[in-house]
Amino acid sequence: VIRRALFRTIGADLPPEVVLMLRVLAVAWLVTGHAFFVPLRMVPMFELLAPITRSPVLGYFIFVLDVACTLHIVFGRSVRASSLALGVLIFATTLLSRGYFSNNRLFCACLFTIGALEGEDRPPILVRAQVILVYALAGLDKLLDSDWRSGIFFDSFSVRLAEFGRLWSPALDTGSVSWPAVFYADLARELPPLFLARASSWLTIALELSIAALLAAGRVRIGVVLAIAFHTGVVVLTGSPMGMFFYAGLASCLAFARFPSRLEIAMEPESLAGRAIRFFDADDRFELSTGSRLPASWLAIVIYSPAAYVVAAVLFAGPWFTPWAAIVLLALAIMFRPSRAPALRGAP
Amino acid sequence: LRTKLGIALLLVQVAMFVRARFVESRYFCWAPFHSEARYTIDASVLGRALRDEEIAERYGIPRYYWDPKTRSNWELNAMAHVFDLVRATEDLAPSDARAKVEVTYSVNGRPAERWSYP
């Protein structure tokens, strides 16, 4: 029962890609500890909300609702309602506590809310628009900022990063030495002033705008590979997933995915590997049989298994987090070739 | 209705992005790492200087990036958010418990500036 609850993506009243995206996001939200975080000091965005923040039960209410909604999404119970409630809760907590504001949490709030608003039997256009908007506006904000264009921001940030060390991560190693940041700072010193900082700034701006443009133009494969490369670069340089940004960025790519309804695999169903595939295949996507059919590659089996994303979210979001592991994702994304089988839609 | 609500949420973000062109703050407009700033808050209530721990608790500021040697914190978005937080906290406090606050900060490695409340 738990296996089907955790790994099944069809049968809900949302597209399977959206269910998987929300589940991966909820797993990361839970395992990183974001689901348990309640701001201790509530200074609201608007004075009008101050009476609510004085309530002694507010913190408990936020905590219970946050954990309950997250667990419901993880175990596939009332995914639409739970996701909407969690998204609205994150927005509301931000309005009630200025200190709670962060772009990565609001990105999650948008994905939870907009994911819950998706139609049942159409591609997830709202989530896709949300993802495109985030990359486009983030790129434009940097493009319109003179300190980003000149490299002054990147120069100052990289010097400080090399001095301070890794930013926050679930590994709780904030401040430990970030070798890529130290290497970057050393390299920048050897080159003409601001040369590397300006190049890095423009590369960041170009990447963000390119991801938005490619995804909007339907060039999904290259757009997703660039998005993974972008997030991997940020994680390796800073040693940090930037709160939920890394997980939200990668999970949102699933909204552009197209999972085939059926994948034929030439394999003895009762072999050890066959039984393992059947165990994780809660959607019954894989057809195992011996014969002369063209076998699907192991990479395709992993990439088309929702269970792989749930397991990956646990591996990347726990205290065992290491930034270098992100490179594995990038390698998988580059090596992968999509299946041409028809997409999976609706109930089984 | 669901689609209309989704589109409305997307339009709010675009509106906030346009708004951000005219103000210092960067709320809900997708401007992570807009700037980086090192800052120190000094505050006193009724003439008594608050300790760094008291200041962090008073304003609910996370101390992941706190450097005890220089008594400085690190803001990775916009300094306006720190000023807004201090101002909103003090505005909500009873008038006889309000703090006098001075924030010394340096944005993107530039020379230090000061901001004060009230």
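None of these values were measured; they are calculated from a predicted model.

Chemist: Just checking my understanding: could you explain the side chain of Arg166(A) for this structure?
Modeler: Residue and element names in this part refer to chain A. You can see Arg 166 is positioned in the loop between helix 9 (152-164) and helix 10 (179-190). The exposure class assigned to Arg 166 is buried, which follows from its relative accessible area of 16%. In this structure the side chain of Arg 166 is engaged in a polar contact, spanning 2.7 Å, whose partner is the side chain of Asp 173. Setting aside anything within four residues of it in sequence, one finds Arg 166 in contact with Asp 173, Thr 174, Gly 175, Ser 176, Val 177, Ser 178, Thr 238, Gly 239, Pro 323 and Trp 324.

Chemist: Looking at this structure, I do not really get the interface of chain B and chain A. What am I missing?
Modeler: Across the boundary between the two partners, chain B contributes 43 residues, which contact 48 residues of chain A. Carbon and sulfur atoms make up 66% of the surface buried where chain B meets chain A, a total of about 4100 Å² over both sides. When the area that chain B buries against chain A is broken down by residue, the three leading residues are Arg2(B), Trp30(B) and Phe33(B), summing to 19%. Applying the counting rule to chain B against chain A returns three salt bridges. For Arg110(B), the salt bridge is made with Asp147(A), and the minimal N-O distance between the two is 2.6 Å. Inspection of the chain B/chain A interface yields 14 residue pairs in polar contact (both at pLDDT 80 or more). Within the residue set of the side of chain B that touches chain A, elements represented by two or more residues are helix 1 (2-20), helix 2 (52-59) and helix 3 (79-92) of chain B.

Chemist: Whenever I open this one, the packing of helix 7 (residues 125-143) of chain A against helix 1 of chain B confuses me. Can you help?
Modeler: Two measures define how a pair of helices packs: the angle their axes make with one another and the distance between the axes. As a packed pair, helix 7 of chain A and helix 1 of chain B sit with axes 11 Å apart at the nearest point and diverge in direction by 0°. Taken as axis vectors, helix 7 of chain A and helix 1 of chain B run roughly parallel relative to one another. Mapping the contact onto sequence places Leu126(A), Ala129(A), Gln130(A), Leu133(A), Leu137(A), Leu140(A) and Asp141(A) in helix 7 of chain A and Arg2(B), Thr3(B), Gly6(B), Ile7(B), Leu10(B), Gln13(B), Val14(B) and Phe17(B) in helix 1 of chain B. For the contact of helix 7 of chain A with helix 1 of chain B, the class distribution of residues is nine nonpolar, four polar and two charged.

Chemist: Can you walk me through the pairing of strand 5 (residues 113-117) of chain B in this structure?
Modeler: Every other side chain in a regular strand lies on the same face of the sheet, so the side chains alternate between the two faces. All names here are of chain B. The pairing of strand 4 (residues 99-107) with strand 5 spans five bridges and is classified as antiparallel. Bridge pairing in strand 5 links Tyr 105 to Glu 113. The hairpin formed by strand 4 and strand 5 contains five residues between the paired strands, and Asn 108 there has a positive phi angle of roughly 50°.

Thresholds applied
- Residues numbered from 1 in each chain as written.
- Chains lettered and ligands numbered in written order.
- Predicted model: local features only at pLDDT ≥ 70, side-chain atom pairs only at ≥ 80, totals over all residues.
- Heavy atoms only, no water.
- Helix = DSSP H or I, 4+ residues; strand = E, 2+ residues; numbered from the N terminus.
- Buried < 20%, exposed > 50% of the residue type's maximum accessible area, 1.4 Å probe, protein only.
- Polar contact = N/O pair within 3.5 Å; in protein donor to acceptor, adjacent residues only side chain to side chain.
- Contact = heavy atoms within 4.5 Å.
- Buried area = accessible area lost by both parts, 1.4 Å probe.
- Salt bridge = Lys/Arg side-chain N within 4 Å of Asp/Glu carboxyl O.
- Axes fitted to C-alpha atoms, helices over the stretch in contact; angles between N-to-C directions.
- Parallel < 35°, antiparallel > 145°, perpendicular 65-115°, else oblique.
- Nonpolar A, V, L, I, M, F, W, Y, C, P; charged D, E, K, R; others polar.
- Pairing = 2+ DSSP bridges.

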